[in-house]
Amino acid sequence: MADTTNPFLTPSPLPYQLPPFAEIRDEHYRPAFDRGFQEQLAEVQAIADSPDEPTFENTMLALERSGQVLQRVAEVFFNKSSSDSTDFTNALEEEIAPLLSAHQDAIRLNPALYARIQRLHERRHDLGLDPEGVYLIERYFTEFTLAGAGLDDEQKERLRDYNQRLSTLTTRFEKNLLADTNELAVVFDSADELDGLGEGELSAAAEAARERGLDGKYVVTLVLPTGHPWLANLTDRRSRERIMAASRSRGIRGGEHDNRDLVLEITRLRAERARLLGFDTHAAFVTADETARTPEAVADMLGRLAPPAARNARAEQAALQQQLGDGEMVESWDWAKLTDAVRQATYDVDFAAMRPYFEAERVLRDGVFYAATKLYGITFEERPDLVAYHPEARVFEVRNEDGTGLGLYILDLYTRDSKRGGAWMNPLISQSELLDYPTVVVNNLNVPKPAAGEPTLLTYDETNTLFHEFGHALHGLFARVTYPKFAGTNVFRDFVEFPSQVNEMWMLWPEVVANYAVHHETGERMPQDLIDKLHASESFNEGFATSEYLAAALLDQAWHRITADDTVTDVAAFEAEALAAVGLDNPAVPPRYASTYFAHTFSGGYDAGYYSYIWSEVLDADTVEWFKENGGLTRANGDRFRDRLLGVGGSKDPLEAYRDFRGRDAVIEPLLKRRGLDS
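Asker: Can you walk me through the overall build of the protein in this structure?
Answerer: Helix and strand content of the protein: 26 helices and 7 strands. For the protein, whose C-alpha radius of gyration is 25 Å, the value lies close to the compact-globule estimate of 26 Å for 679 residues. Taking the principal axes of the C-alpha coordinates as reference, the protein spans close to 80 × 60 × 55 Å. Contacts spanning at least 24 positions in sequence make up 75% of the contacts within the protein whose residues lie at least 6 apart.

Asker: For this particular structure, what's the right way to read the pairing of strand E4 (residues 394–399)?
Answerer: Where strand E3 (residues 379–382) and E4 come together, 4 bridges link them in antiparallel fashion. Residue pairing for E4: Phe380 is matched across the bridge by Val398. Pairing of E4 with strand E5 (residues 405–414), which is carried by 6 bridges, proceeds in the antiparallel orientation. Looking across to E5, one finds that Glu397 is bridged to Leu408. Hairpin connection of E4 to E5: 5 residues between the antiparallel strands, including Gly403 at a positive phi of 95°.

Asker: How should I be thinking about the packing of helix H1 (residues 26–49) against helix H5 (residues 111–122) in this particular structure?
Answerer: Each pair of packed helices gets described by two things: the angle between the helix axes and the distance between those axes. Contact geometry of H1 with H5 gives a least axis separation of 8 Å together with a crossing angle of 60°. Our classification of the angle between H1 and H5 gives oblique. The way H1 lies across H5 gives a crossing that is left-handed. Of H5, the residues touching H1 (which contributes Val44, Ile47 and Ala48) are Ala112, Leu113 and Arg116. For the contact of H1 with H5, a count of residues per class yields 5 nonpolar, no polar and 1 charged.

Asker: So what exactly am I meant to see when it comes to the packing of aromatic side chains here?
Answerer: One pair of aromatic rings is described through two measures. These are the centre distance and the angle between the planes. Summed over all chains, the structure comprises 49 aromatic pairs. A centroid spacing of 6.4 Å and a plane angle of 40° characterise the contact between Tyr29 and Phe88, whose relative ring orientation is tilted. Taken together, the residues Tyr29 in helix H1 and Phe88 in helix H4 (residues 87–108) connect sequence positions 59 residues apart. Taking the relative accessible area as the measure of exposure, Tyr29 reaches 3% and is therefore buried.

Asker: Help me out: how do you make sense of the nonpolar core in this one?
Answerer: It is characteristic of soluble globular proteins that their nonpolar side chains tend to be buried jointly. If you look at the biggest cluster of nonpolar residues, it comprises 155 residues, and the most contacted ones within it are Phe358, Tyr409, Trp506 and Leu550. For this core, the element with the highest residue contribution is helix H15 (residues 360–376), accounting for 10 residues. Aside from chain neighbours lying at most four places away, what touches Phe358 is Val363, Thr456, Leu457, Leu458, Thr459, Tyr460, Thr463, Met507, Tyr516, Ala517 and Met526. Tyr29, Phe33, Val76 and Tyr389 belong to the second-largest nonpolar core, a separate cluster that totals 30 residues.

Asker: Would you explain the environment of Ile107 in this entry?
Answerer: With respect to the secondary-structure elements, Ile107 resides in helix H4. The class for Ile107 is buried, based on a relative accessible area of 11%. Taking the C-alpha atoms as reference points, Ile107 and Gln45, separated by 62 residues in sequence, lie 8.5 Å from one another.

Asker: Looking at this model, I keep getting lost on the layout of surface pockets. Mind explaining?
Answerer: There is about 320 Å³ of room inside the second largest pocket. Trp615, Val618, Leu619, Leu655 and Ala666 are, among the 15 residues lining the second largest pocket, the residues nearest its centre. Elements with a minimum of two residues in the lining of the second largest pocket: helix H12 (295–324), helix H23 (612–629) and helix H25 (654–662). Each residue belonging to the lining of the second largest pocket can be placed in one class, and the counts come to 9 nonpolar, 1 polar and 5 charged.

Asker: What should I look at first to understand the side chain of His472 in this one?
Answerer: Relative to the helices and strands, His472 resides in helix H16 (residues 460–478). By relative accessible area, which is 7% here, His472 ends up buried. At 3.2 Å, the side chain of His472 forms a polar contact with the side chain of Ser500. Dropping the residues within four chain positions of it, His472 is found in contact with Met425, Thr489, Val496, Glu497 and Ser500.

Asker: How should the environment of Asn312 be read in this particular structure?
Answerer: Take Asn312: it is sitting in helix H12. The sequence separation of Asn312 and Phe544 amounts to 232 residues, and the corresponding C-alpha distance is 7.5 Å.

Asker: I tried to follow the sheet that holds strand E7 (residues 440–447) on my own but got confused; where do I start?
Answerer: Either a parallel or an antiparallel arrangement is found when strands of a sheet pair, and the pairing is made through backbone hydrogen bonds. If you trace the 5 strands from one edge of the open sheet to the other, you get E3-E4-E5-E7-E6, paired in mixed fashion. Whereas interior strands pair on both sides, the edge strands pair on one side only; in this sheet they are E3 and strand E6 (424–429). Looking at each pair of strands side by side, their axes are set apart by 25° on average, direction ignored. Pairing geometry for E6 and E7, over 5 bridges, is antiparallel.

Asker: Which parts of the structure should I look at to understand helix H10 (residues 260–276)?
Answerer: Every α-helical turn comprises 3.6 residues, leaving residues that sit three or four positions apart pointing alike. Here H10 is 17 residues long and its end C-alpha atoms lie 25 Å apart, about the 24 Å a rise of 1.5 Å per residue gives. Buried residues of H10: Leu262, Val263, Leu264, Ile266, Thr267, Leu269, Arg270, Ala271, Arg273, Ala274 and Leu276, and no others. Just beyond H10, the residue with positive phi is Gly278, at close to 95°.

Asker: Would you explain unusual backbone geometry in this entry?
Answerer: Leaving glycine aside, a negative phi is the common case for residues, and trans is the common case for peptide bonds. Located in the positive-phi region is Tyr16, a residue other than glycine, with phi close to 60°. Relative to the helices and strands, Tyr16 resides in the segment before H1. For Tyr16, a relative accessible area of 16% gives the class buried. At Arg293, a position not held by glycine, the phi torsion is positive, near 75°. Take Arg293: it is sitting in the loop between helix H11 (282–287) and H12.

Asker: For this particular structure, what's the right way to read the side chain of Ser500?
Answerer: Looking at where Ser500 falls in the secondary structure, it is placed in helix H17 (residues 498–503). One polar contact links the side chain of Ser500 to the main-chain carbonyl oxygen of Glu497, over a distance of 2.7 Å. Residues within four places of Ser500 in sequence aside, it is in contact with Phe467, His468, Gly471 and His472.

Reading guide: rules and limits
- Numbers given for residues are sequential positions, taken from 1 along each chain in its written order.
- The model is predicted, so local features are restricted to residues of pLDDT at least 70 and side-chain atom pairs to those at 80 or more, both for listing and for counting; the totals for chains, interfaces and linings are taken over all residues.
- In computing side-chain properties, one takes all heavy atoms of the structure into account and sets aside hydrogens as well as water.
- Under the DSSP-based scheme used, a helix requires at least four consecutive residues in state H or I and a strand at least two consecutive residues in state E, with every element numbered from the N terminus.
- Radius of gyration: over C-alpha atoms. The globule rule applied is 2.2 Å multiplied by the number of residues raised to the 0.38 power.
- In what follows, a contact means two residues having at least one pair of non-hydrogen atoms within 4.5 Å.
- Here, a strand pair is defined by DSSP locating no fewer than two bridges between the strands.
- Axes here refer to lines fitted to C-alpha atoms; in helices the fit is confined to the stretch in contact. Angles between the N-to-C directions go from 0 to 180 degrees.
- Roughly parallel means an angle under 35 degrees; roughly antiparallel means over 145; roughly perpendicular covers 65 to 115; every other angle is labelled oblique.
- By definition, any crossing whose near helix is turned counterclockwise from its far helix by less than a right angle is left-handed, and any crossing with a clockwise turn is right-handed.
- Any residue outside Ala, Val, Leu, Ile, Met, Phe, Trp, Tyr, Cys, Pro, Asp, Glu, Lys and Arg is labelled polar, Gly included; the first ten of those are nonpolar and the last four are charged.
- Ring pairs are drawn from Phe, Tyr and Trp, using the six-membered ring of Trp, whenever the two centres fall within 6.5 Å, and their geometry is named by plane angle: stacked under 30 degrees, edge-to-face over 60, tilted for the rest.
- To sort residues, take the accessible area from a 1.4 Å probe on protein chains only and compare it with the maximum for the residue type: under 20% means buried, over 50% means exposed, and anything in between is partly exposed.
- Residues grouped as a nonpolar core are buried Ala, Val, Leu, Ile, Met, Phe, Trp, Tyr and Cys residues, joined through side-chain atoms within 4.5 Å.
- Here a cavity denotes grid points, spaced 1 Å and computed from the protein atoms alone, that fit a 1.4 Å probe unable to get out, and a pocket denotes an open set having protein on both sides within 12 Å along at least 5 of 7 lines; residues with an atom within 4 Å of a point are the lining.
- Grid points are joined across faces, edges and corners, and a volume is the space filled by probe spheres set on the points.
- Whenever two N or O atoms come within 3.5 Å, that pair is a polar contact, provided that in protein one can donate a hydrogen and the other can accept it, and provided that, for residues adjacent in sequence, both atoms are side-chain atoms.
- By this rule the span expected of a helix is its residue count minus one, scaled by 1.5 Å.

Functional significance is not addressed by these values, which are geometric in nature.
Below you can see the structure in the form of structure tokens.
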């Protein structure tokens, strides 16, 4: 008899099929995963075993309809495990990761299924399909081929072993990082040690201490990148050094949360798997199915940017050294603080003075939502009657200008020990016409939560991050596709950051910033001269910002350009050599992520793909120029961007979609100008 009490086994009756979080309990996950695995394998085997000639309907559409129970439970579970983890979710994720890997291999390595897809691919232009249908066949054929569907049985068995071991190791890396990040939160005995922080920041530090049973003390929790946003304000150099030291020691302290051996094993296994699949390196394997196509193309672009970025960073460092004076050298923990001082002296820009104008609710409603309404005509209504997965996660209904429903948007703003670091977007329900699915997307940030009654004042970077992540959410909300494979942000990885980076432009767009940047106490709008100074200083410190990013991107490439014949035994030595080789071995400018806490590449799906951010930024900078040339924040511009780029999801080649929008390929010059690399 079917289990009618498990909420994952049938579509949710709630609006937009929002998962019924009030009914979901821990004991529902594993049975739903088991049922999902079983059902999809049976569905796929029925396709593979069919005696009928393969057709688009009995093969491609049948594949697209398969696995709906698994999809429902997986989206909810992996959202919870990243945003509100528990001992239960941690343990279950370690169990599920290799099972999910084996399940995916059972589908992609099925020889009879691959043969059917191959036959359809050979005659795809003769089937009377529209372009999206043809592209669906092409994507399946390419993905199955790259996944090893053409290997012999012995090779497939080795591949399955690699995939399962890697899924286990990357899951362990993520859990180690979260645990070590929590353990390394820095405890301060008095507010004097945190001089320079505002009331909201001190309140957040006191609240973090209280939650740990350390009443009367202050706790600074770590963020995912190497640098911490509070380093720019702290006057006590020793306090800054303690925070930086804690951040940089993640995963290298020995003991159960040390990630060094995992880094070595993950990269070795990826290199061996790449060779099995016919590639020299993991980077070659990954980029073969991205817009970059080859690691050489990536290296060419990063190599073009690294020398001027390093040169600019050294010039910036010299200016900071003058600020610090004789007797001390500029260290990594000094950079943000000294930069703030130089920025104030040179441009009269004080980021700390901006925080009272960035009250979170106003930023959200009168900034992020306002810009989206102006551009796309969409509106937002909070739905407190709809329960999300955590009390702090808020649900908003999004509607088109004509009143039709677009989807649900969930915002989970605050940091907590159960949430992994960073900021991200992920779907809970992904639209497709074939399955008649709506859209539900989630944005997660890690803003420190102040004490009850205190306002949430965002930093400049946190405000920018909210606009960025909402760009991903819009991509997920706007995509209107026929097939689930193309839903939402299911695009090439080195394209996926493009829409989110474009959305950052509206943060300081005159009409938008005038609408939301209001002092939370006085009600006064942010002075125009302050905004003008911000614009004047846009390329300031870009040497540092570009260098720390490129150092991480090049480190990611270095790890994934090793071959199966290479032997690496020392993580620190490998890092040092890789950074020295590209001239980014400046101790005062550490990589944005070091290997042992580089979640993007060792647990976050950006392996050999962290270059994607700046690769996408070429398109972003070129698009910003287009908006400026065509009137900026207008419905006509928004509709064009929505219809020709965001709305197509993954249903066509992204560079083809870009050419359709822009009228030509992107050029790199706007990016070089933006980052001060054009001289």
